[in-house]
Amino acid sequence: EDNSTAGATSSCSSARAANLSRKILQLLRRELLEAREKLRIKAADIKSLPPSIGFMQGLRHVDLSDNRLTSFPASFYTLPRLESIDVSGNYITGLISGTGSGIDNRGSNCSDSSGKSS
C-alpha cells in the first residue's frame, strides 16, 4: 500500500470521528438546554433572544430583567412549562401572551421599561 492511500484513509477516519464528536456535542447541548429549569440573564445588555430558546422545554422561571429586549422570538411562546418571567427594565410593550405556552401572567413579574407591572 502506498503512503498516499494510507494518508487519505487516515484523513477520512479523522474527519468521520470529528463529525461524530460534533453530533454528540450538539445532542448533549440540546439535552442540557431542554432540562434547564431556570434562566437568568440579568443586566447583560441583550437586545434579542435567539429562536433556539424554544429548545429549552424545561424552563419554568426566566429572569431577563434590565436588558434591552423589545420582543420575543415566536419559539419563546411555545415553552410549555414556563411559570414566571421577569422582564422589568426592558422595552417590552404590552402584556406577554400566554397563548400556546405555559405562561401564567397572573403569577409572572411582567413589567415594561418604566417598571410598571402589566
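Residues numbered from 1 in each chain as written. Predicted model: local features only at pLDDT ≥ 70, side-chain atom pairs only at ≥ 80, totals over all residues. Heavy atoms only, no water.

**What to know about the overall build of the protein**
So, point 1. Helix and strand content of the protein: 1 helix and 3 strands.
So, point 2. Ordered by position in the sequence, the α and β elements of the protein form the string α-β-β-β.
So, point 3. Burial status across the protein gives 27% buried among its 118 residues.
So, point 4. Taking the intrachain contacts of the protein between residues at least 6 apart in sequence as the baseline, contacts between residues at least 24 apart amount to 21%.
So, point 5. Counting every atom, the protein has about 7,600 Å² of accessible surface; 53% of that belongs to carbon and sulfur. (Helix = DSSP H or I, 4+ residues; strand = E, 2+ residues; numbered from the N terminus. Buried < 20%, exposed > 50% of the residue type's maximum accessible area, 1.4 Å probe, protein only. Contact = heavy atoms within 4.5 Å. Areas by Shrake-Rupley, 256 points an atom, 1.4 Å probe, with all protein chains shown as cover.)

**Thoughts on the nonpolar core**
So, point 1. Core analysis: the biggest nonpolar cluster contains 16 residues, and Leu-49, Leu-64, Phe-72 and Phe-76 have the highest contact counts within it.
So, point 2. Those residues within four positions of Leu-49 in sequence are excluded, and the remaining contacts are Leu-64, Leu-69, Phe-72, Pro-73 and Phe-76. (Core = buried A, V, L, I, M, F, W, Y, C linked by side-chain atoms within 4.5 Å.)

**Examining the packing of aromatic side chains**
So, point 1. In total, this model carries 3 aromatic pairs according to the counting rule given.
So, point 2. Between Phe-72 and Phe-76, the aromatic rings sit 4.4 Å apart at their centres with planes inclined by 10 degrees, giving stacked as the arrangement. Neither residue differs from the other here; Phe-72 and Phe-76 are each classed as buried.
So, point 3. Seen from their ring centres, Phe-76 and Tyr-77 are 6.0 Å apart, and the 90 degrees between their planes marks the pair as edge-to-face.
So, point 4. Taking relative accessible area as the criterion, Phe-76 reaches 0% and is therefore assigned buried.
So, point 5. One aromatic cluster is present, built from ring pairs that chain together Phe-72, Phe-76 and Tyr-77. (Phe/Tyr/Trp six-rings, centres within 6.5 Å; stacked < 30°, edge-to-face > 60°.)

**Focus on the side chain of Asp-63**
So, point 1. Tracing the backbone through its elements, the reader meets Asp-63 in strand 2 (residues 61-63).
So, point 2. In terms of polar contacts, Asp-63 uses its side chain to reach the side chain of Ser-65, at 2.7 Å.
So, point 3. The contacts of Asp-63, once residues within four sequence positions are left out, are Leu-39, Arg-40, Ile-41, Lys-42 and Asp-86. (Polar contact = N/O pair within 3.5 Å; in protein donor to acceptor, adjacent residues only side chain to side chain.)

**Describing unusual backbone geometry**
So, point 1. Positioned with a positive phi, Asp-45 is a non-glycine residue whose angle comes to about 60 degrees.
So, point 2. Counting through the fold element by element, Asp-45 comes out in the loop between strand 1 (38-40) and strand 2.
So, point 3. Among the residues examined, Asp-45 registers a relative accessible area of 48% and is labelled partly exposed.
So, point 4. One non-glycine residue, Asp-66, lies in positive phi territory at about 60 degrees.
So, point 5. Secondary-structure assignment places Asp-66 in the loop between strand 2 and strand 3 (84-86).

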